[in-house]
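Structural features, examined
In case you want the letters, here they are:
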Amino acid sequence: PPPFEIMSYSIIDRDVGPDPNYKPPPKGMYRGKYEECYSFYEAYNKCHKENKVSRLLGACSPQKSAVDKCNQEQLHRRRREGAEKARIKNAKWNEYYNAKRKKEMVIETKKE
């Protein structure tokens, strides 16, 4: 006999399926990464809905520039936060490592 129990069931038997609460976003909707920029996304989407032809000629360029600027600011903010967290983590690690090395050096000097 096999070392494990073989279970036979079909996909229909399992309680798996699509999320009943899922609603896909509206088509053509520009969804950004950052919630802080949501008002800019809304303005950009509104411009696209209102200006079907003139958007191709740059009618929505100011809104797009605002979205891009906001995204860039959020990206830089998150990078700074991540760098700060890394600095703190590295400082703690270095403190631990240096304390461990000092302890090892004390043990080695006692042996001699």
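Everything here concerns the structure above.
Just so you know, these numbers come straight off a predicted model, no measurement behind them.

**A closer look at the side chain of Gln74**
Tracing the backbone shows Gln74 in helix α2 (residues 61–111). Apart from the residues within four sequence positions on either side, Gln74 is in contact with Tyr34, Glu36 and Cys37.

**Section: the state of the cysteines**
Tallying each qualifying case throughout the model produces two disulfides. In this model Cys37 forms its disulfide with Cys70; the gap between the sulfur atoms is 1.9 Å. Every disulfide takes its handedness from the sign of the S-S torsion; for Cys37 and Cys70 that torsion is -90°, giving left-handed. Remark: Cys70 occurs in helix α2 and Cys37 occurs in the segment before α1 (38–50); sequence separation between them is 33 residues. A single burial state applies to Cys37 and to Cys70, both of which are buried. Two residues, Cys47 and Cys60, share a disulfide whose sulfurs are 2.1 Å apart. The sign of the S-S torsion, about -95°, decides the handedness of the disulfide formed by Cys47 and Cys60: left-handed. Placement of the pair is Cys47 in helix α1 and Cys60 in the loop between α1 and α2, with a sequence separation of 13 residues. Numbered by order of appearance in the sequence, the disulfide-linked cysteines of the protein chain pair as 1-4, 2-3.

**Regarding the pattern of salt bridges**
Under the definition given, this model contains four salt bridges. We note a salt bridge from Glu36 to Arg77, for which the minimum N-O separation is 3.1 Å. Note that Glu36 is positioned in the segment before α1 and Arg77 in helix α2, a separation of 41 residues in sequence. Judged by relative accessible area, which is 25%, Arg77 ranks as partly exposed. Note that Glu84 and Arg87 form a salt bridge whose closest N and O atoms lie 2.6 Å from each other. With Glu84 and Arg87 both in helix α2 and three residues apart, this pair spans about one turn of that helix.

What counts and how
- Residues numbered from 1 in each chain as written.
- Predicted model: local features only at pLDDT ≥ 70, side-chain atom pairs only at ≥ 80, totals over all residues.
- Heavy atoms only, no water.
- Helix = DSSP H or I, 4+ residues; strand = E, 2+ residues; numbered from the N terminus.
- Contact = heavy atoms within 4.5 Å.
- Disulfide = S-S within 2.5 Å.
- Buried < 20%, exposed > 50% of the residue type's maximum accessible area, 1.4 Å probe, protein only.
- Salt bridge = Lys/Arg side-chain N within 4 Å of Asp/Glu carboxyl O.

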